[in-house]
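# Report on the structure
The lines below spell out each chain.
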Amino acid sequence: MILAHLRLRRRVSLLAAGLLAPRERDAALAHLQACARCRAEHDALRAVVALLAADPLRSAEPGVPAAVLAARALRDAERTAAPARAARPWLLALPAAAALVAALLLVPQLLKHPRPLPAAARATIPPAEASRLISEDALARIERNLAREQAARYLNEAGDVLVTVAATGIDCDREDGRLDVGAAPERSRELLEKRRLVVDAGGEAVASARGVLDDVEHALRQVAELPSCVKRRDVELVQKDVEARQLLMRIRLLTRELEG
């Protein structure tokens, strides 16, 4: 009840000025019927509003400051107030009346003549000076290391494909002696497409790996031409060629060198 009373009491000054919406006005009027203190404060504020409306200085030219009108309205309210007990509601309402008068006078003036917003300050941002954060030698080293890393990654993936073909032993057609090499042919074709980027982009950084890269390309082309279910003798030919070139061992050694 106390919270509801405080909330509705704030609306007494707005009700006295006739600034409440219909729904809020009905709630405030109902509260006044039950609260003698708020009713007395409302009556006092209504008297102040009436005095203010009847004041001839409101239409005076030039305009009279709001503080003068507010002081005059409060003075007249004090004079008409009865002494003793009858004056107490007026005393309670005086601070609210002052705020109400100031609001009634100042808000319309602010709405008629709004203050212009201050212009935003604009600071000129100087152009950034061209500076070389990385020297040409450092940039060349970075590009060289990237090329070597890409080559090492390519050789690792190619080695995995050749190991898969060399270790395959799963029959896909026992009667015809065929073996299943899985996705090795498809992966070989993908690596062959990637090889040109590795070699061309690597330049001198991968020059020492050209021999191994060429042998790896030859072996991958053999695997890429295989079907997924291939005759055993075709797989054995690829295995023999890889062993004869010692390709897996050379791949491991060169990969270590490139990564080192």
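To be clear, the structure that these remarks concern was listed above.
As the structure is a computational prediction, the values presented were derived from the model and not from experiment.

As a further point, take the state of the cysteines. One pass over the structure, following the stated rule, counts one disulfide. Residue pairing for cysteine 172: its cysteine sulfur links by disulfide to cysteine 229, the two sulfurs lying 1.8 Å apart. Here the S-S torsion is close to 90°, and the disulfide linking cysteine 172 with cysteine 229 is therefore right-handed. Of this pair, cysteine 172 sits in strand S1 (residues 171-173) while cysteine 229 sits in strand S3 (residues 229-231), placing them 57 residues apart in sequence.

Taken as a whole, this structure holds seven salt bridges when the rule is applied. In this structure, glutamate 217 and arginine 195 form a salt bridge, with 3.3 Å as the shortest nitrogen-oxygen distance. In this pair, glutamate 217 sits in helix H9 (residues 210-224) while arginine 195 sits in helix H8 (residues 184-202), placing the two residues 22 residues apart along the sequence. The partner of arginine 245 in a salt bridge is aspartate 215, with the nearest N and O atoms 3.0 Å apart. A residue pair is termed long-range when its members are at least 10 positions apart, and arginine 245 in the loop between helix H10 (232-244) and helix H11 (247-259) and aspartate 215 in helix H9 qualify at 30 residues.

Moving on to helix H7 (residues 136-167). Helix length check: H7 (32 residues) gives 47 Å between terminal C-alpha atoms against 46 Å at 1.5 Å per residue, within 8%. For H7, the set of buried residues is Ala138, Ala147, Arg148, Ala151, Ala152, Tyr154, Leu155, Ala158, Gly159, Val161, Leu162 and Val165. Those residues of H7 that are buried are in contact with H8, H9, H10 and H11.

Our next topic: the nonpolar core. Grouped together as the largest cluster of nonpolar side chains are 33 residues, with contacts concentrated most on Tyr154, Leu155, Val216 and Leu220. Of all elements in the fold, only H7, H8, H9, H10 and H11 reach the threshold of two or more residues within this core. No other element matches H7, which puts eight residues into this core. Beyond its immediate chain neighbours, meaning those up to four positions away, valine 216 contacts Tyr154, Leu155, Ala158, Leu247 and Ile251.

Let us now look at the sheet that holds strand S2 (residues 178-180). Backbone hydrogen bonds are what pair the strands of a sheet, in a parallel or an antiparallel way. Pairing in this open sheet of three strands is antiparallel, and the strands run S1-S2-S3 from one edge to the other. Of all the strands in the sheet, the pair left with one neighbour each is S1 and S3. Each adjacent strand pair in this sheet contributes to an overall mean axis angle of 45°, direction not counted. For S1 and S2, the ladder comprises two bridges, and the chain directions are antiparallel. Among the inter-strand pairings, aspartate 173 is bridged to a residue of S2, identified as arginine 178. Contacts from H10 reach S1, S2 and S3 within the one sheet, and its direction differs from that of S3 by about 80°.

Rules and cut-offs
- Residues numbered from 1 in each chain as written.
- Predicted model: local features only at pLDDT ≥ 70, side-chain atom pairs only at ≥ 80, totals over all residues.
- Heavy atoms only, no water.
- Disulfide = S-S within 2.5 Å.
- Helix = DSSP H or I, 4+ residues; strand = E, 2+ residues; numbered from the N terminus.
- Salt bridge = Lys/Arg side-chain N within 4 Å of Asp/Glu carboxyl O.
- Expected span 1.5 Å × (residues − 1).
- Buried < 20%, exposed > 50% of the residue type's maximum accessible area, 1.4 Å probe, protein only.
- Contact = heavy atoms within 4.5 Å.
- Core = buried A, V, L, I, M, F, W, Y, C linked by side-chain atoms within 4.5 Å.
- Pairing = 2+ DSSP bridges.
- Axes fitted to C-alpha atoms, helices over the stretch in contact; angles between N-to-C directions.

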